[in-house]
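# Descriptive analysis of the structure
Here's the letter readout for the chains.
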Amino acid sequence: MISKRPSDLFGDEDLPTTGEDVQAQRAHRPSADSDWLDQLATLAAQVPQAGMALRQRRTFAAFPPFEL
């Protein structure tokens, strides 16, 4: 394995990133101190019918087991 510096892996034209792009990425970066449970609750609130759809989903509990 050959060790290369990150600057050797990509040329200037490979990743066209402007300073404006970098600032936008930093502004929208997820924070490390955010609570994952709050994020999950926020996502679940966006799709309120998902819980009902999961409860109404058909299962194969009454059928005999099968192999593929």
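Not measured: the values here are computed from a predicted model. (Residues numbered from 1 in each chain as written. Predicted model: local features only at pLDDT ≥ 70, side-chain atom pairs only at ≥ 80, totals over all residues. Heavy atoms only, no water.)

## Here's the deal with the overall build of the protein
Which entries qualify depends on this criterion: Where helices and strands are cited, they refer to DSSP runs of H or I of at least four residues and of E of at least two residues respectively, numbered from the N terminus. Relative accessibility under 20% of the residue-type maximum defines a buried residue, over 50% an exposed one, and the middle range a partly exposed one, all with a 1.4 Å probe and only protein chains included. Areas reported here follow the Shrake-Rupley algorithm with a probe of radius 1.4 Å; residue values treat only the protein chains shown as occluding.
When you go through the protein residue by residue, the secondary structure sums to four helices and zero strands. Shown N-terminal to C-terminal, the secondary structure of the protein runs as helices and strands in the order α-α-α-α. Here the protein, with 68 residues, has 0% of them falling under the buried criterion. Looking at the protein as shown, the accessible area adds up to about 7,300 Å², and 59% of this sits on carbon and sulfur atoms.

## Some remarks on the packing of aromatic side chains
Filter applied, for reference: Aromatic rings from Phe, Tyr and Trp, with only the six-membered ring used for Trp, were paired whenever their centres fell within 6.5 Å, and each pair was classed as stacked if the ring planes differed by under 30 degrees, edge-to-face if by over 60, and tilted otherwise.
Overall, the coordinates contain one aromatic pair when judged by the stated rule. Note on Phe60 and Phe63: the rings are 6.1 Å apart at their centroids and 55 degrees apart in plane angle, and the pair reads as tilted. Classification of Phe60 as exposed rests on a relative accessible area of 62%.

## Details of a nonpolar patch on the surface
To keep things clear, this is the line we draw: Residues qualify for a patch when their relative accessible area is over 30% and they have no salt bridge, like charges being joined within 9 Å and the nonpolar side chains of Val, Leu, Ile, Met, Phe, Trp and Tyr within 5 Å. We define a salt bridge as a contact between a side-chain nitrogen of Lys or Arg and a carboxyl oxygen of Asp or Glu at a distance within 4 Å.
A contiguous nonpolar patch, built from Trp36, Leu37 and Leu40 and spanning about 360 Å² of accessible area, is present on the exposed surface. Relative to the helices and strands, Leu37 resides in helix H3 (residues 36-46). Classification of Leu37 as partly exposed rests on a relative accessible area of 47%.

## Observations concerning the confidence of the model for the protein
Our working rule: Values of pLDDT, the confidence the predictor places in each residue, fall between 0 and 100.
Averaged over the protein, the pLDDT score is 79; the fraction of residues at 70 or greater is 79%. Per-residue pLDDT, averaged within each element of the protein, yields its smallest value for helix H1 (residues 6-9) (65) and its largest for helix H2 (residues 19-27) (87).

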